[in-house]
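# Observations on chain architecture
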Amino acid sequence: MPRSTASAAGSSRSSARRRLSRRAVSRVSWQGSPRWSNTSTRGLPCMGCASSTSATSTGSEAVTNDSDAGRRAGDVPYRFARDTTAAEVHERFGSLGIGESSGVVASVAGRVMLSRPQGKVAFAELRDSSGPIQLFATEKGTPGYEAFCRLTLGAWIGVTGDVVRTRRGELSVAVGSWEVLARSRHNFGDKWRGVTDVETRYRQREMDLWANPASRRVFTMRSKLITELRHQLERRGFLEVETPVLQPIPGGALARPFTTHHNALDVDLFLRIAPELYLKRLVVGGFERVFEIGRVFRNEGISPRHNPEFTMLELYQAYADYGDLMSLTEELVAGLAHELCGSARIPYGGKELDLTPPWRRATLLELVAEQAGIEISLDTPIDELARISQEHGGQTTGGPGKLVLEIFEKTTEATLWGPVFVCDYPAEVSPLARRHRHMPGMVERFEAIVAGRELANAFSELVDPDDQRSRFVAQASARAAGDEEAMVLDEDFLRALERGMPPTAGLGIGIDRLVMLLADVANIRDVILFPTMRPEAHGD
RNA sequence: GCGCCUCUAGCUCAACGGCAGAGCAACGGACUCUUAAUCCGCAGGUUCUGGGUUCGAAUCCCAGGAGGCGCACCA
C-alpha cells in the first residue's frame, strides 16, 4: 500500500475518531483539572470552516493524489486540542495496575523520540516539555496504524486515547487517534548518546535541547533561578526597573564597550557595560531599593567564563553600607541554592561547596598575607609591589592600588574555594566606591569569591559629587595614557549626585556565573542558550 | 591576540602511509507487550578547504577555516 494513501486515510479517520473521543472525555472528565473545560473553547475561531477538525481532514484529503503527501511540512493542522501533559498522566495514573485500562481518554502531544514497531503492536516514546510518555498502538485499535509505525523520529504528533498500563508495566496512551503536527527533516542525534559535539550543541541549540537532558535541566534551572531571585528581591521591597541599553556614555564598569550609531540623531551610542550610573540616579530620584536584571555587553575576549553579552543583577539599597550587602548576598545565594538544589551545600567541580551563611569576611590584604605569605599594603614601595607582581606574572604598570589588586588576583583569588567576602579594595581601582571610613587609600568594597572566582562585586556607593568628579578626572588621565577601559566623565551622573544621594550600597552579581555554580557546569556557554560564536560559513 | 589540541556518513565513533568502516538514524522487509526492542536487507562520503611530499595521503608537511582548552582581560 502506498504510503500516502495510508497516511491520508489514517488522518481523516483519526479526525472522526477525535470528535468521538472528545465526547468520551467530557463524559469521564478529569476531576480537579480546570484545563479540561477550557480546552474545548480555547483557540482562535476557525474562519470559513466549521471547526479545526474539519480543516484538518480537508487538508489531508486535498493531498491524497500527491505521491509524497505524507512528507509535506505544510500538511498539518492549525491546532491540536491537547488536554494534558506527559507528566500529568504519570502523576494521575501512577497507581494504575499492570495491564489495566483507566477508561479515561487523554490527548497528548509532543515529539516522537523512540519508535518500536513490532508487527501488530507498536510502541513509541512521545516527549513533551514535561517529559516522556509511552504510546501504545495496535493494528486493530489505531487508525492509520501502518503510517504510525513509519513515523520517523523527531516528528511531532498529537494523540488521543485511553490511558493504560501495558503488560510490561509501562504507563501509556493507547493510540485511538493521532495526527502529524510537524515532520522533521533533520534527525536529533544518536538516540542513546545524544549530541556531544559542542559546536553543534551551541550552534543548533534546538537539537541539543531535544537530545540532551542535561542541557534542558540547566536552562530550566536558569529560568527558575531568575524567577526566584525576583521573588526574593521583591519580598525585600526592591523595585525592578529597566534602564537604557543604548547609552551615550558607557559607564559603571571598567571595560571596553560595543559601539553603534543612531541614524536619526546622528550620534554614536554604546551598548551598556553596566546599568550602575542610571540605577544610582533612580536612588537620587527616591526609589530607595531598586534592581535590574539585564543584559550587558563588553567588547572583550571569549573564554569558558566570558561571553560578550551576559546577564547581570545590579541592586541598590539606600541607607545601607557594604556590610549590609554582604548579609544580603549570602542570604540570596544560599536561598537560591536551597530552592534550586535542595541544599546550601552543593557539589561543584567534584568538590563540595557550603554556601550556608555567614560567609567568611576578610580583607584583601589579610588574604594575600594568609594565602600567599606576602605582606604588602598601599604603603609598600611601588618598586617592591611591581617586583612582586612581576614575580607572579602580573602587570607592572599603574599605581600601588592597581599593583596590590594585581598581586591579589595572581596569587590569591583562585586559591579561595569556600565562599569568602574579600573586603576593602584600593580606591585607585574602584572609581565609583566610597572611601573607607577607617583605611586611607581604600574603599568600602567587597567581592564574593566562590570556587576561586568572583561571583559578586559590591560597595558602599560614592555619594560625594566632588570626590566622584575627581575620580572621573583620574580615570580620564588613565584613559589619556592609553587605558581603553578607563571611565569617561559623566556630567549627567554628577549632576544627579549633586542633587543629593543618601548613603547607599550597591551590588552586582553575574547571573550566568551564578547559574554555572548552582548547575555545576564549567563553561559559560552551557548556561547561555545561544552563546556568541563566529558566524558559520554556509557554503551551500 | 599568543600557545596546545580537535575536525571522517545525519548522530556517535573506528581506520593513523596501502581498497574509508561500524553502531544508531534513514530507506525496504519480518515480528501481537516493547523499554537504546530484536532480526534480515539496502543505501549513505569533496575524510573541513586549498596546496605540497609520496608509486600511493583521512593519515605526513605547509597555508587557511571552524571549534575546544590554556594564557591574557574581566563579571
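Heads up: the structure comes first, above all this text.
This report concerns the structure included in the present document. (Residues numbered from 1 in each chain as written. Chains lettered and ligands numbered in written order. Predicted model: local features only at pLDDT ≥ 70, side-chain atom pairs only at ≥ 80, totals over all residues. Heavy atoms only, no water.)

### Focus: the side chain of Thr504
Note that Thr504 resides in strand S19 (residues 504–510). Taking relative accessible area as the criterion, Thr504 reaches 2% and is therefore assigned buried. At 2.8 Å, the side chain of Thr504 and the backbone oxygen of Pro502 are in polar contact. Beyond its immediate chain neighbours, meaning those up to four positions away, Thr504 contacts Val283, Tyr316, Gln317, Ala318, Tyr319, Ala320, Phe459, Ser460 and Glu461. (Helix = DSSP H or I, 4+ residues; strand = E, 2+ residues; numbered from the N terminus. Buried < 20%, exposed > 50% of the residue type's maximum accessible area, 1.4 Å probe, protein only. Polar contact = N/O pair within 3.5 Å; in protein donor to acceptor, adjacent residues only side chain to side chain. Contact = heavy atoms within 4.5 Å.)

### What about the pairing of strand S16 (residues 420–426)?
Counting buried residues in S16 gives seven out of seven residues, a clear majority hidden from the surface. The pairing of strand S15 (residues 360–363) with S16 spans four bridges and is parallel. Across the sheet, the residue bridging to Arg361 is Phe421, located in S16. (Pairing = 2+ DSSP bridges.)

### Let's talk about the sheet that holds strand S10 (residues 267–271)
Taken together, the three strands give an open sheet; going across it, the order is S8-S10-S9, and neighbouring strands pair in antiparallel fashion. Both edges of this open sheet fall to strand S8 (246–247) and strand S9 (259–262), since each of them pairs with a single strand only.

### Overview of the protein's contact with RNA strand B
The environment of RNA strand B is made up of 51 residues, and the closest members are Arg168, His306, Arg513, Arg525 and Arg534. At the protein interface, 60% of the atoms of RNA strand B within 4 Å belong to sugar or phosphate. Between RNA strand B and Gly194, the relevant distance is 2.9 Å, taken from a sugar or linking oxygen to a main-chain nitrogen or oxygen of the residue. Measuring from a phosphate oxygen of RNA strand B, one finds a side-chain N or O atom of Gln395 at 3.1 Å. For the surface near RNA strand B, the secondary structure elements donating two or more residues are strand S1 (101–118), strand S2 (121–128), strand S3 (131–138), helix H6 (198–203) and helix H13 (400–411). Across the surface near RNA strand B, the residue classes tally to 15 nonpolar, 14 polar and 22 charged. (Near = heavy atom within 4 Å. Nonpolar A, V, L, I, M, F, W, Y, C, P; charged D, E, K, R; others polar.)

### Considerations on the pattern of salt bridges
Inspection of every chain in the model, using the stated rule, returns 28 salt bridges. A salt bridge links Arg361 to Glu330; the nearest nitrogen and oxygen atoms lie 3.9 Å apart. Placement of the pair is Arg361 in strand S15 and Glu330 in helix H10 (residues 322–341), with a sequence separation of 31 residues. Judged by relative accessible area, which is 5%, Glu330 ranks as buried. The salt bridge involving Asp492 is made with Arg495; its shortest N-O contact spans 3.4 Å. Separated by three residues within a single helix, Asp492 and Arg495 lie in helix H15 (residues 491–498), roughly one turn from each other. Note on Asp492: relative accessible area 37%, which makes it partly exposed. (Salt bridge = Lys/Arg side-chain N within 4 Å of Asp/Glu carboxyl O.)

### What about the packing of aromatic side chains?
All told, the structure shown has eight aromatic pairs when counted by the stated rule. Ring plane angle 90° and centroid distance 5.4 Å describe the contact between Trp156 and Trp210, whose orientation is recorded as edge-to-face. Here Trp156 is found in strand S4 (residues 156–165), whereas its partner Trp210 is found in helix H7 (residues 205–211), with 54 residues between them in sequence. According to the relative accessible area criterion, Trp156 is partly exposed, its value standing at 33%. By relative accessible area, which is 16% here, Trp210 ends up buried. Through a chain of ring-to-ring contacts, three or more aromatic side chains come together here, namely Trp156, Phe188 and Trp210. (Phe/Tyr/Trp six-rings, centres within 6.5 Å; stacked < 30°, edge-to-face > 60°.)

### Side note on the sheet that holds strand S17 (residues 442–450)
As summarised here, the arrangement of the eight strands in space is S7-S11-S12-S19-S18-S17-S16-S15, forming an open sheet in which the pairing is mixed. The sheet terminates laterally at strand S7 (239–240) and S15, the two strands that pair on one side only. Its contacts with the sheet place helix H11 (residues 364–372) against S15, S16 and S17, and it is angled at close to 95° to S15. (Axes fitted to C-alpha atoms, helices over the stretch in contact; angles between N-to-C directions.)

### With respect to the nonpolar core
Grouped together as the largest cluster of nonpolar side chains are 51 residues, with contacts concentrated most on Leu225, Leu313, Leu315, Leu355, Phe446 and Leu518. Beyond its immediate sequence surroundings of up to four residues, Leu225 is in contact with Leu336, Leu340, Ile511, Leu514, Val515 and Leu518. The next biggest cluster of nonpolar side chains, apart from the first, holds 35 residues, and it includes Phe408, Leu416, Val443 and Phe493. (Core = buried A, V, L, I, M, F, W, Y, C linked by side-chain atoms within 4.5 Å.)

### Some details on the environment of Glu242
Turning to its location among the elements, Glu242 is positioned in the loop between S7 and S8. Judged by relative accessible area, which is 77%, Glu242 ranks as exposed. As a C-alpha pair, Glu242 and Phe148 span 94 residues in sequence and 50 Å in three-dimensional space.

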